[in-house]
Amino acid sequence: MQETKITVQETTNQTIIKFNSNKILINGGSYEFSNIDEAKNSPLAQQLFYLPFVKKVFITANFIAIQRFDIVEWIDVQEEVREQIEAYITDGNIVVNEQTSSIKKEAIEVYAEVTPNPSVMKFGTNKALTQTDVEYKNIDEANQSSPLAQAIFTFPFVKQVFISDNYISITKYEMVEWNEVFTEVRTFIREYLVEGKTIIKEIPDQEITSETTIKTPTIALEGVSAQIVEILDEYIKPAVAGDGGNIAFRSYDEEHKIVSVVLQGACSGCPSSTATLKNGIETLLKEMLPNQINEVIAING
């Protein structure tokens, strides 16, 4: 069994800090609590509110964000809070009681969108699905961590499944056309989400799933690498997400000034992805990081 590990991450707001978990905390969605009464369905949030400096608690699938009052600085208390959260989860305690009837049921909507990749259909939803992008190339990979992806693979024409924050991109085999099956898939996804079934039960170990999978950095990125990630996150990711895809930083070769990125979802194998890479991403990085970028190369996820 995977050992519980909580890590601290600063945010742009000095009063808010994130406590990231290597284990799934809740089944999708998110919860925000402003006081201990609002947190009656979350034993963990209630426990945190006993700390006099806690102002708000925000819980998602793989992190807990806490906003503090000004009576303390995070540097003085963050390690104590981290240890408390880690111990709580390690003991198997409930983070949020999602089955409590008093929690408002969501009205789930799922819509289908075509993408530039004819093999991929994007299924968007008004429900938060995950804070960590995951991609599965077959049902065996899905069996390890995502019951939702596993269920989608029961359709015989499904080749790959990519799950992002509020959409699912599905790659099909050529045995069918999307106009023949997208309605069935959309209905299936919506019913799955309405029933409150588990979306992701465990964050995949991205270090070992395949040699083309994004490797999670063990240390914080610095210098040009950090600048590249910031540009991708701010300018590129929102655009490709709109088409059901994702792009993630893989590495930067400082000597040859070559950037490697991973293409996922609709971007993976897309006929237009090469042009997008060269005319869009590479050009933008060269403009924003002059004399630092010679080429951008892509790996399909």
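Structural data are supplied above this passage.
Because the structure is predicted, anything quoted here is derived from the model rather than measured.

(A) Looking closely at the overall build of the protein. Secondary structure assignment for the protein yields seven helices and 13 strands. Counting over 301 residues, the protein shows a buried share of 47%. Within the protein, residue pairs in contact and separated by at least 24 positions form 60% of the contacts whose partners lie at least 6 positions apart.

(B) Region of interest: the environment of Glu 255. Relative to the elements of secondary structure, Glu 255 occurs in the loop between β11 (245-253) and β12 (258-265). C-alpha separation for the pair Glu 255 and Gln 292, spaced 37 residues apart in sequence, amounts to 9.8 Å.

(C) Region of the structure containing the sheet that holds strand β7 (residues 120-125). Spatially, five strands are ordered β6-β7-β10-β9-β8 in an open sheet, and the strand pairing comes out antiparallel. The sheet is open, and its two edges are formed by β6 (110-114) and β8 (134-136), each paired on a single side. Between one strand and the next, the sheet's axes are offset by a mean angle of 20°, whatever the strand orientation. Strand direction decides the pairing type here: β6 and β7, joined by five bridges, are antiparallel. Bridging from a neighbouring strand, Val 114 pairs with Met 121 of β7. The strands that helix α5 (residues 178-194) touches are β6, β7 and β10 (167-172); relative to β7, the one it contacts most, it runs at about 30°.

(D) The sheet that holds strand β1 (residues 6-10), seen in detail. Spatial ordering of the open sheet is given by β1-β2-β5-β4-β3, a layout of five strands whose pairing is antiparallel. Each having just a single partner strand, β1 and β3 (31-33) make up the two edges of the open sheet. Taking each pair of neighbouring strands and ignoring which way they run, the sheet shows an average axis angle of 20°. As paired elements, β1 and strand β2 (residues 16-21) share five bridges and run antiparallel to each other. Opposite Glu 10, over in β2, you have Ile 17 as the bridge partner. Across the sheet, helix α2 (residues 74-90) is in contact with β1, β2 and β5 (63-68); its angle to β2 comes to roughly 30°.

(E) View of the nonpolar core. Ile 163, Ile 168, Ile 170 and Ile 189 are the most contacted members of the largest nonpolar core, which has 29 residues in total. For this core, the secondary-structure elements that each account for two or more residues are β7, β8, α4 (147-152), β9 (158-163), β10 and α5. If you tally residues by element for this core, the top one is α5, at six residues. Membership of the second largest hydrophobic core comes to 28 residues, among which are Phe 33, Ala 45, Tyr 88 and Val 95.

(F) Layout of the packing of aromatic side chains. Scanning the model with the defined rule gives 10 aromatic pairs in all. Taking 6.2 Å as the distance between ring centres and 85° as the angle between the ring planes, the aromatic pair formed by Phe 157 and Trp 178 counts as edge-to-face. Residue Phe 157 is found in the loop between α4 and β9, and its partner Trp 178 is found in helix α5; the two are separated by 21 residues along the sequence. In terms of burial, Phe 157 and Trp 178 fall into one category: buried. Residues Phe 188 and Tyr 192 carry aromatic rings whose centres are separated by 6.5 Å and whose planes lie at 40° to one another, so their mutual orientation is tilted. Of this pair, Phe 188 and Tyr 192 are both found in helix α5, four residues apart, which corresponds to roughly one turn of the helix. Taken together, the ring pairs in this structure connect Phe 123, Phe 155, Phe 157, Trp 178, Phe 188 and Tyr 192 into an aromatic cluster. Stacked on the ring of Phe 63, the Lys or Arg Lys 18 has its end atom at 4.1 Å from the ring centre. In this arrangement the basic side chain of Lys 122 is found over the ring face of Tyr 167, its NZ or CZ atom lying 4.8 Å from the centre.

(G) Expanded view of the environment of Thr 60. Within the fold, Thr 60 resides in the loop between β4 (54-59) and β5. Residue Thr 60 is classed as buried on the basis of its relative accessible area of 1%. For the pair Thr 60 and Val 96, spaced 36 residues apart in sequence, the C-alpha to C-alpha distance is 9.9 Å.

The rules behind each value
Residues numbered from 1 in each chain as written. Predicted model: local features only at pLDDT ≥ 70, side-chain atom pairs only at ≥ 80, totals over all residues. Heavy atoms only, no water. Helix = DSSP H or I, 4+ residues; strand = E, 2+ residues; numbered from the N terminus. Buried < 20%, exposed > 50% of the residue type's maximum accessible area, 1.4 Å probe, protein only. Contact = heavy atoms within 4.5 Å. Pairing = 2+ DSSP bridges. Axes fitted to C-alpha atoms, helices over the stretch in contact; angles between N-to-C directions. Core = buried A, V, L, I, M, F, W, Y, C linked by side-chain atoms within 4.5 Å. Phe/Tyr/Trp six-rings, centres within 6.5 Å; stacked < 30°, edge-to-face > 60°. Lys NZ or Arg CZ within 6 Å of the ring centre and 35° of its normal.

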